[in-house]
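Here's the letter readout for the chains.
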Amino acid sequence: KEKVEITKEQKALTKVIVEAYNRHQIPQDVAKKLLQDQYSVEENFLLLTEMATSQVQVIVEFTKSIPGFLSLDHEDQIALLKGSAVEAMFLRSAQVFSKKMPNGHNGILEERIRKSGISEEFITPMFNFYKSIIGLHMSLEEQALLTAITILTPDRPYVKDHQAVEKLQEPMLDVLRKVCVLQHPQEPQYFARLLGRLTELRTLTHYHAEMLTSWRMNDHKFTPLLCEIWDVQ
Ligand SMILES: Cc1cccc(C)c1Nc1c(-c2c(F)cccc2F)nc2cccc(C)n12
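Residues numbered from 1 in each chain as written. Predicted model: local features only at pLDDT ≥ 70, side-chain atom pairs only at ≥ 80, totals over all residues. Heavy atoms only, no water.

**Q** Would you mind going over the overall build of the protein chain with me for this structure?
**A** Counting its secondary structure elements, the protein chain contains 10 helices and 0 strands. Rg of the C-alpha trace for the protein chain: 18 Å, near the compact-globule value of 17 Å for 233 residues, within the 12% margin. When the backbone C-alpha atoms are referred to their principal axes, the protein chain occupies close to 55 × 40 × 30 Å. Evaluated residue by residue, the protein chain yields a buried proportion of 51% over its 233 residues. Sequence separation of at least 24 residues holds for 77% of the intrachain contacts in the protein chain that already meet a minimum separation of 6. Accessible surface, the protein chain: about 11,800 Å² in total, of which carbon and sulfur atoms supply 57%. Looking at the protein chain, you have 27 positive and 31 negative side-chain charges, and the mean spots of the two groups are 5 Å apart. (Helix = DSSP H or I, 4+ residues; strand = E, 2+ residues; numbered from the N terminus. Rg over C-alpha atoms; globule rule 2.2 N^0.38 Å. Buried < 20%, exposed > 50% of the residue type's maximum accessible area, 1.4 Å probe, protein only. Contact = heavy atoms within 4.5 Å. Areas by Shrake-Rupley, 256 points an atom, 1.4 Å probe, with all protein chains shown as cover. Lys, Arg positive; Asp, Glu negative; His and termini not counted. Charge placed at Lys NZ, Arg CZ, Asp CG, Glu CD.)

**Q** Any chance you could explain the packing of helix α7 (residues 140-151) against helix α9 (residues 190-217) here in plain terms?
**A** When two helices pack together, their arrangement is captured by the angle between the axes and the distance separating the axes. Viewed as axis vectors pointing N to C, α7 and α9 meet at an angle of 45°, and their least axial separation amounts to 11 Å. Regarding the angle of α7 to α9, the classification is oblique. Like other packed secondary-structure pairs, α7 and α9 cross with a definite hand, here right-handed. Contacts from E142, L146, I149 and T150 of α7 reach α9 at Y190, L194, L195, L198 and L201. Grouping the amino acids of the contact of α7 with α9 by side-chain chemistry returns 7 nonpolar, 1 polar and 1 charged. (Axes fitted to C-alpha atoms, helices over the stretch in contact; angles between N-to-C directions. Parallel < 35°, antiparallel > 145°, perpendicular 65-115°, else oblique. Left-handed = near helix turned anticlockwise from the far one by under 90°. Nonpolar A, V, L, I, M, F, W, Y, C, P; charged D, E, K, R; others polar.)

**Q** For this particular structure, what's the right way to read the site of the ligand?
**A** Taken together, the neighbourhood of the ligand is formed by 20 residues, with A52, M89, I118, H208 and M211 sitting nearest. H208 is positioned such that a nitrogen or oxygen atom in its side chain is 2.8 Å from a nitrogen atom of the ligand. In isolation the ligand offers 500 Å² of accessible surface; the protein chains occlude 99% of this area. Elements with a minimum of two residues in the shell around the ligand: α3 (41-64), α4 (74-100), α6 (120-136) and α9. Sorting elements by how many residues they give to the shell around the ligand places α3 first, with 6 residues. (Near = heavy atom within 4 Å. Polar contact = N/O pair within 3.5 Å; in protein donor to acceptor, adjacent residues only side chain to side chain.)

**Q** Would you explain unusual backbone geometry in this entry?
**A** For residues that are not glycine, phi is negative in most cases, and the peptide bond is trans in most cases. With a phi angle near 50°, H137 is a residue other than glycine that sits in the positive phi range. Structurally, the position occupied by H137 is in the loop between α6 and α7. One non-glycine residue, D219, lies in the positive phi region at around 60°. D219 sits in the exposed class, given a relative accessible area of 57%.

**Q** How should I be thinking about the nonpolar core in this particular structure?
**A** In globular proteins that are soluble, nonpolar side chains generally tend to be buried together. Counting 75 residues, the largest nonpolar core has I17, I66, I113, M172 and W230 as the members making the most contacts within it. A per-element tally of this core places α4 first, with 12 residues. The residues contacting I113, other than those within four sequence positions of it, are L48, F97, I118, I123, M126 and F127. (Core = buried A, V, L, I, M, F, W, Y, C linked by side-chain atoms within 4.5 Å.)

**Q** Explain the packing of aromatic side chains here, please?
**A** The geometry of an aromatic ring pair is captured by the separation of the ring centres together with the interplanar angle, meaning the angle of the planes. Within the structure shown, the criterion is met by 9 aromatic pairs. A ring pair is formed by Y21 and F62, whose centres lie 5.7 Å apart and whose planes are at 80°; its orientation type is edge-to-face. In this pair, Y21 sits in helix α1 (residues 8-23) while F62 sits in helix α3, placing the two residues 41 residues apart along the sequence. The exposure classification of Y21 matches that of F62, with both residues buried. On the numbers, 6.4 Å between centres and 45° between planes, the contact of F45 with F222 is tilted. Here F45 is found in helix α3, whereas its partner F222 is found in the loop between α9 and α10 (224-229), with 177 residues between them in sequence. Here F45 and F222 have matching classes, each one buried. (Phe/Tyr/Trp six-rings, centres within 6.5 Å; stacked < 30°, edge-to-face > 60°.)

**Q** Where do I start with α1 in this structure?
**A** Given 3.6 residues to a turn, an α-helix orients residues that are three or four positions apart in the same direction. For α1, built from 16 residues, the straight-helix expectation of 22 Å at 1.5 Å per residue is met to within 8% by its first-to-last C-alpha distance of 22 Å. Taken residue by residue, α1 has Q10, L13, T14, I17, V18, A20 and Y21 as its buried positions. Considered in projection along α1, the buried side chains sweep an arc of 160° and stay on one side of the axis. Those residues of α1 that are exposed and angled more than 90 degrees off the buried face are K8, K11, K15 and R23. (Expected span 1.5 Å × (residues − 1). Arc of directions from axis to C-beta.)

Structure follows, in structure tokens:
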């Protein structure tokens with residue numbers, strides 16, 4: 001049985017990523033607002049829009065803290081953020097579901113989302129994904145590293161210097177593989193299962209784009225940041 005050893009550098013890298021992941025949390029007031037008393041469909045949507053906007057801010061700050069990211073070509077930095085924001089948000093909001101809300105409240109957040117004018121065809125895959133992520137019982141290191149790996153995906157549209165992005169992503173994949181072996185010794189395929197979630201995430205990006213279009217058709221207003229990151233109106 002191969003002895004898995006995390007090097008000093010890998011420990012340091014993990015520490016930086018986890019600290020960045022922890023530092024940039026969704027403001028509790030936004031998450032808490034969703035738990036107050038009854039809301040109308042319009043107010044639910046407004047709150048989710050506020051939550052989405054703060055999630056994008058959190059992801060941009062987290063991304064800027066990834067070692068080497070700010071040394072990438074500036075246009076590639078934008079291409080990576082625009083190409084990965086939705087996936088990082090799905091991962092992040094899955095944690096909001098599994099961690100942040102004391103159990104009694106999970107249903108309330110789910111209830112708000114189901115009553116925000118989003119059609120069932122998007123709700124089902126979204127919650128299936130949340131359940132599959134929560135079922136993995138990921139550690140904080142795994143969540144933070146998986147989010148960084150998602151953001152540092154070289155084959156996003158318009159990325160010019162693939163190599164430079166791969167050079168940043170590879171060390172993250174190496175240390176995530178080792179962390180998975182050490183933290184889930186009974187599940188040798190755990191690392192592969194985590195990466196499998198990234199494949200499911202790509203399908204959610206497609207649903208998300210359709211959700212945006214259907215919201216726009218119903219004349220829903222977005223914030224400037226959401227318009228910018230997803231090139232809407
Ligand atoms: C905050 C939130 C949490 C869970 C489900 C949903 C629908 C939301 N809200 C939105 C999301 C979004 C996200 F923020 C995380 C995950 C998946 C997402 F669809 N994206 C957008 C884009 C424009 C407006 C909103 C309201 N919105």
